[in-house]
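The primary structure of each chain is shown beneath.
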Amino acid sequence: MEMPDGRQIQITGVYREIDRPHQLILTWTGDYDHRETLITVTFEPNDNTTLMTLRQEGFVASELRDGYDKGWTGAGGSFDKLETVLAK
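Worth saying up front: this structure is predicted, and the values here are computed from it rather than measured. Throughout, residues of each chain are indexed from 1 in the direction in which the sequence is written. In keeping with the predicted nature of the model, local features appear solely for residues at pLDDT of at least 70, side-chain atom pairs appear and are counted solely at 80 or more, and the whole-chain, interface and lining totals rest on all residues. Just so you know, side-chain values use all the structure's heavy atoms and leave hydrogens and water out.

Student: I would appreciate a short explanation of the overall build of the protein chain in the present structure.
Tutor: The secondary structure content of the protein chain amounts to 2 helices and 5 strands. Put simply, DSSP marks the helices as runs of H or I at least four residues long and the strands as runs of E at least two long, and each gets a number from the N terminus on. Mapped from its N terminus to its C terminus, the protein chain presents α and β elements in the order β-β-β-β-β-α-α. Taken over the C-alpha atoms alone, the protein chain extends approximately 40 × 30 × 20 Å along its principal axes. Burial classes: relative accessible area under 20% of the type maximum marks a residue as buried, over 50% as exposed, and values in between as partly exposed (1.4 Å probe, protein chains only). Counting over 88 residues, the protein chain shows a buried share of 18%. Pairs at least 24 apart in sequence give 10% of the contacts found in the protein chain among residues at least 6 apart. Using a 1.4 Å probe, accessible areas were evaluated by the Shrake-Rupley method; residue-level cover was limited to the displayed protein chains. Surface summary for the protein chain: the accessible area is close to 6,800 Å², and the carbon and sulfur share equals 52%. We call two residues contacting when some pair of their heavy atoms lies within 4.5 Å.

Dropping the structure here:
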């Protein structure tokens with residue numbers, strides 16, 4: 001993953017559960033602090049679309065949690081990038 005300041009970060013993890021097409025549960029560990037968090041992604045039919053919900057837990061501090069939230073949902077974050085890919 002490339003950070004806004006140009007740093008390259010390696011993310012590793014393990015899929016704990018794959019329940020197609022409903023849910024993914026996986027671990028997330030960055031090489032910058034080696035702390036593991038748990039991500040649960042659920043998918044629900046919503047009219048002619050799919051509602052995706054992501055929950056990431058296991059943070060040692062609220063500041064760290066808030067930083068991840070910005071990375072997922074902030075301008076130019078991961079959800080913006082996903083929207084661009086899905087629009088193609």
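Having seen it, we continue.
Student: When you look at the side chain of Thr29 in this model, what are you seeing that I'm missing?
Tutor: Mapped onto the elements of the fold, Thr29 is located in strand β3 (residues 23–30). Among residues more than four places away in sequence, those in contact with Thr29 are Gln10, Ile11, Thr12, His34, Arg35 and Glu36.

Student: What should I look at first to understand the pairing of strand β5 (residues 49–57) in this one?
Tutor: The two faces of the sheet receive side chains in turn, since in a regular strand these alternate between them. Sheet topology note: the strand β4 (residues 36–46)/β5 ladder contains 9 bridges and is antiparallel. What sits directly across from Thr42, in β5, is Thr53. Any two strands with at least two DSSP-identified bridges between them are counted as paired. With antiparallel pairing between neighbouring strands as the criterion, β4 and β5 make up a hairpin whose turn holds 2 residues, including Asp47 at a positive phi of roughly 55 degrees.

Student: What am I meant to see in the pairing of strand β2 (residues 15–19) here?
Tutor: One ladder, built from 4 bridges, connects β2 with β3; its direction is antiparallel. In the strand pairing of β3, Ile18 is matched with Leu24. Between β2 and β3, which pair antiparallel and follow one another directly, the connecting turn spans 3 residues.

Student: How should the pattern of salt bridges be read in this particular structure?
Tutor: Side chains that differ in sign of charge can pair as their charged atoms come close. Throughout this description, the term salt bridge denotes a Lys or Arg side-chain nitrogen within 4 Å of a carboxyl oxygen of Asp or Glu. In total, this model carries 4 salt bridges according to the counting rule given. Across the pair Arg16 and Glu36 runs a salt bridge, and its minimum N-O distance is 3.2 Å. With Arg16 in strand β2 and Glu36 in strand β4, the pair connects residues that are 20 residues apart, well separated along the chain. Under the relative-accessibility criterion, Arg16 is labelled exposed at 53%. Judged by relative accessible area, which is 45%, Glu36 ranks as partly exposed.

By themselves, these observations are geometric and do not establish any function.
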